[in-house]
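As a plain string of letters, each chain reads:
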Amino acid sequence: MTHDPKQTEQPFEPRPARIRPNAGAWNPLVDMIDVFPGHRGESRDGTLGLFDAPVGIRFEIEEATKSEILLEAQTEWEEDSIAPLYVWEEDGRYYMLYDVAGGQCLAASDDAMHWTRPELNLVEFNGSTRNNILPHPCKGTTGIFEDPSAPPQERFKAMGGRMFWADPDSGDEIDGEEAARRLKAEQDDLDYTGPRAEIHGVMSAWTSPDRRDWTPIERPLARRPVNGGISAGWDPHHQRYFCYIQLMGYTAPDGIIDGVGKSRHEDGMQIRTIGFSHTTDFNNWPPPRLIVHPDSEDPPDISWYGACYFPYPGRDDLHGMMIPVFHQIADTIDGQIAFSRDGLFWTRPERRANLPLGKVGEGDECIAHYWRSGIFELPDGSWACPYTGNSVLHDAIRTTRDEDFPHRRRHQIRWAMWRPHRFCGLRAEGEGRMTMQTIFRVHDELRLNYRCDPGGWIEIELLDKIPRLALPDADPVPGFSFADCDRIMGDSEDHLVTWKGKSDIAAVGESVGIRVRMFDAKLFAYRV
């Protein structure tokens, strides 16, 4: 029986052409969206063949290059604790807001590498104001962002969380010693009926006109346990605020992400994970939904200490996240990277650290912990994320640290650095090949960001579009074949591809499919 589309109430919609949109920016190779999976089909001579398939390649992250120490806890007011909060450029200088044991301080630099502690003379410490302590800090924040929608006096916002022990009946806060007594009594006596202790918490916020002078918002943004780990921002496309936050075991309402059935993933999740929440009213935040968590491909002892979100530079359709990873058996923290096309569904190219621990004596051999205010472009063009380094384990006993860790150094701040678009790439060890998905052509040339090993090379040929399964055995556009391509070698962040000296690809048409052959090479990004 043949179906007559004229008899239906709604006409059939044809499948749209599978051509990727292209804003003309660099396309980093961080997930499968750019890679065509290939065809098994009939060749021109009637045999079953393999066409345009990815063979001999894999995604490979780039480990960060670590800077020299930017700051190391060394003053009396810093004691042994120091962590970066926010870095910005202003009037040709660079500034860093950073946390210390008793408050927050300001550092300054002319080149973002060599930092000083300016004498602000604003706060008295041990009888002197010759220090860089800020008088009105946002102590307790873990995430700072600029809010272009706010009035000037609230242009910058900071968010944080505080958890505390409380009496479950009255809701009154109790100190740690009293909570410990109650917990021990309950543990020792199965029939215990006395006062108990439970964890309460609040989400807090501050505003500032200049990132130096902060005013707390008196009313909590939310009354629920919040263990910091907040990375937040303003979404200009949806005209709302968003945050990534460490989940603490509560269930979010419907609306952010709704699935099937009544169960929620976060209901049974006992490890630290990452949730997402958004709001149009900064003073009121709904509970977050679980969106990123360790899974069965990860070691079973890891959890995630919040998130460091960043919009991918030059793109409004790609997002990145540095994830501090707590290894609970080793008691160490290092960092991984994840990517998303919509800010909700995230993938990790590899399950290994792009910010690994240092060697003994370097100061970050036990903890290399990303902070949560995104990435920053350095004067030399590198992309960087500040992190704090520690040479003792996360749960080390404070009174025996010197004995247990003879190479212990004070906390330090460094940059984790990458060259542009080199967070991740497609790697061929030996010979590899692939075809990139058909994409609309914006420019009249093709440029690559790549690195070849000694003796390695890359060759490119172009199609007007990826062939269909019915006719998979397709030739390249004449003049743009592998045979015509001028072999690409060496290392370049912006290489112009040529075919017998010719770079103009306008003749290919409005769209292009890109075939790649590589030998001992890594391709990070392309622009077309």
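Read on for a plain summary of the structure. (Residues numbered from 1 in each chain as written. Predicted model: local features only at pLDDT ≥ 70, side-chain atom pairs only at ≥ 80, totals over all residues. Heavy atoms only, no water.)

1. With respect to the overall build of the protein chain
Then, in step 1: Broken down by element type, the protein chain carries 2 helices and 31 strands.
Then, in step 2: Counting only C-alpha atoms and orienting by the principal axes, one finds that the protein chain spans roughly 85 × 60 × 50 Å.
Then, in step 3: Within the protein chain, the fraction of its 528 residues that count as buried is 52%.
Then, in step 4: Expressed as a percentage of contacts within the protein chain between residues at least 6 apart in sequence, the contacts between residues at least 24 apart total 66%.
Then, in step 5: If the 58 positive side-chain charges of the protein chain are averaged to one point and the 86 negative ones to another, these points end up 4 Å apart. (Helix = DSSP H or I, 4+ residues; strand = E, 2+ residues; numbered from the N terminus. Buried < 20%, exposed > 50% of the residue type's maximum accessible area, 1.4 Å probe, protein only. Contact = heavy atoms within 4.5 Å. Lys, Arg positive; Asp, Glu negative; His and termini not counted. Charge placed at Lys NZ, Arg CZ, Asp CG, Glu CD.)

2. Some remarks on the pattern of salt bridges
Then, in step 1: Applying the stated rule across the entire model yields 50 salt bridges.
Then, in step 2: The salt bridge partner of Asp-31 is Arg-341, with a shortest N-O separation of 2.9 Å. Here the residue Asp-31 occupies a position in the loop between β1 (27–28) and β2 (39–42), and Arg-341 occupies one in the loop between β22 (332–340) and β23 (346–347), the gap between them amounting to 310 residues.
Then, in step 3: Classification of Arg-341 as partly exposed rests on a relative accessible area of 23%.
Then, in step 4: The structure contains a network of salt bridges with shared partners spanning Arg-58, Glu-60, Glu-62, Glu-63, Glu-350, Arg-352, Glu-429, Arg-451 and Lys-522. (Salt bridge = Lys/Arg side-chain N within 4 Å of Asp/Glu carboxyl O.)

3. Some points on the nonpolar core
Then, in step 1: Core analysis: the largest hydrophobic core is formed by 53 residues, its most contacted members being Met-322, Phe-423, Leu-446, Leu-448, Ile-458, Ile-460 and Leu-462.
Then, in step 2: With 7 residues, the top contributor of residues to this core is strand β31 (residues 511–527).
Then, in step 3: Contact partners of Met-322, with chain neighbours within four places excluded, come to Ala-307, Cys-308, Phe-310, Gln-336, Ile-337, Asn-354, Tyr-370, Ile-375, Cys-385, Trp-418 and Phe-423.
Then, in step 4: One finds Trp-77, Ile-82, Tyr-94 and Ile-133 within the second-largest nonpolar core, a separate group that totals 22 residues. (Core = buried A, V, L, I, M, F, W, Y, C linked by side-chain atoms within 4.5 Å.)

4. Quick look at the sheet that holds strand β7 (residues 82–90)
Then, in step 1: Pairing within the open sheet is antiparallel, and its 4 strands lie in the order β7-β8-β9-β10. The open sheet has two edge strands, β7 and β10 (115–116), and neither has a second partner.
Then, in step 2: Note: β7 against strand β8 (residues 93–100), 8 bridges, orientation antiparallel. Counterpart to Tyr-86 in the pairing with β8 is Leu-97. (Pairing = 2+ DSSP bridges.)

5. Notes on the sheet that holds strand β14 (residues 215–216)
Then, in step 1: Strands sit in the order β11-β12-β13-β14 across an open sheet of 4 strands; the sheet is antiparallel. Two strands in the sheet have a free side with no partner beyond their single neighbour: β11 (141–146) and β14.
Then, in step 2: In the sheet, strand β13 (residues 198–208) pairs with β14 via 2 bridges, with the strands oriented antiparallel. Note that in β14 the partner of Trp-206 across the bridge is Pro-216.

6. Brief notes about the packing of aromatic side chains
Then, in step 1: Scanning the model with the defined rule gives 24 aromatic pairs in all.
Then, in step 2: With a centroid separation of 5.8 Å and 25 degrees between ring planes, the pair formed by Trp-88 and Tyr-95 is classed as stacked. The same class applies to Trp-88 as to Tyr-95, namely buried.
Then, in step 3: Taking NZ or CZ as reference, Lys-157 lies 5.3 Å from the ring centre of Phe-282, over its face.
Then, in step 4: Above the face of the Tyr-95 ring, Arg-212 is positioned so that its terminal group lies 4.9 Å from the ring centre. (Phe/Tyr/Trp six-rings, centres within 6.5 Å; stacked < 30°, edge-to-face > 60°. Lys NZ or Arg CZ within 6 Å of the ring centre and 35° of its normal.)

7. Quick look at the side chain of Asn-22
Then, in step 1: With respect to the helices, strands and loops of the structure, Asn-22 is situated in the segment before β1.
Then, in step 2: Judged by its relative accessible area of 15%, Asn-22 is buried.
Then, in step 3: Within the structure, Asn-22 has its side chain in polar contact with the backbone nitrogen of Gly-24 (distance 2.9 Å).
Then, in step 4: Those residues in contact with Asn-22 that sit more than four places away from it in its chain are Asn-27, Ile-439, Phe-440, Arg-441, Val-442 and Val-528. (Polar contact = N/O pair within 3.5 Å; in protein donor to acceptor, adjacent residues only side chain to side chain.)

8. Topic: unusual backbone geometry
Then, in step 1: The phi angle at Glu-79 is positive, at roughly 55 degrees, despite the residue not being glycine.
Then, in step 2: Take Glu-79: it is sitting in the loop between β6 (71–72) and β7.
Then, in step 3: The backbone of Asp-520 sits at a positive phi, close to 45 degrees, despite the residue not being glycine.

9. Focus: helix α1 (residues 176–188)
Then, in step 1: Across its 13 residues, α1 extends 18 Å between first and last C-alpha, which sits within 8% of the 18 Å expected from 1.5 Å per residue.
Then, in step 2: One side-chain oxygen at the N-terminal end of α1 lies 3.2 Å from the backbone nitrogen of Glu-177; it belongs to Asp-175. (Expected span 1.5 Å × (residues − 1).)

10. Some words on the environment of His-411
Then, in step 1: When you line up the elements, His-411 lands in the loop between α2 (401–404) and β27 (412–418).
Then, in step 2: Residue His-411 is classed as buried on the basis of its relative accessible area of 16%.
Then, in step 3: Taking C-alpha positions, His-411 is 11 Å from Cys-366, a pair spaced 45 residues apart along the chain.
Then, in step 4: Contacts of His-411, omitting those with residues within four sequence positions, involve Leu-71, Glu-72, Ala-73, Asp-80, Ser-81, Ile-82, Gly-389 and Asn-390.
Then, in step 5: At a separation of 3.4 Å, a polar atom in the side chain of His-411 contacts the main-chain carbonyl oxygen of Asp-80.
Then, in step 6: A polar atom in the side chain of His-411 sits 2.9 Å from the side chain of Asn-390.

11. Quick look at the state of the cysteines
Then, in step 1: Scanning all chains against the criterion turns up 0 disulfides.
Then, in step 2: Of all cysteine sulfurs, the one in Cys-105 lies closest to Cys-138, which takes part in no disulfide; the gap is 12 Å.
Then, in step 3: A residue is classified by how much of its surface remains accessible, and Cys-138, at 0% relative accessible area, is buried.
Then, in step 4: Cysteine Cys-243 remains unbridged, with the sulfur of Cys-308 as its closest cysteine sulfur at 14 Å.
Then, in step 5: Judged by its relative accessible area of 1%, Cys-243 is buried. (Disulfide = S-S within 2.5 Å.)

12. Remarks on the pairing of β8
Then, in step 1: Taking burial as the measure, the 8 residues of β8 include 7 buried ones, the bulk of the element.
Then, in step 2: Linking β7 to β8, which pair antiparallel, is a turn of 2 residues; within it Asp-91 sits at a positive phi near 55 degrees.
Then, in step 3: Note that β8 and strand β9 (residues 103–109) share 7 bridges and pair antiparallel. Considered in β9, the bridge of Asp-99 is made with Gln-104.

13. What to know about the side chain of Ser-208
Then, in step 1: Turning to its location among the elements, Ser-208 is positioned in strand β13.
Then, in step 2: Side-chain polar atoms of Ser-208 contact the side chain of Asp-210, separated by 3.1 Å.
Then, in step 3: Residues within four places of Ser-208 in sequence aside, it is in contact with Pro-152, Gln-153, Glu-154, Arg-155, Phe-156, Asp-213 and Trp-214.

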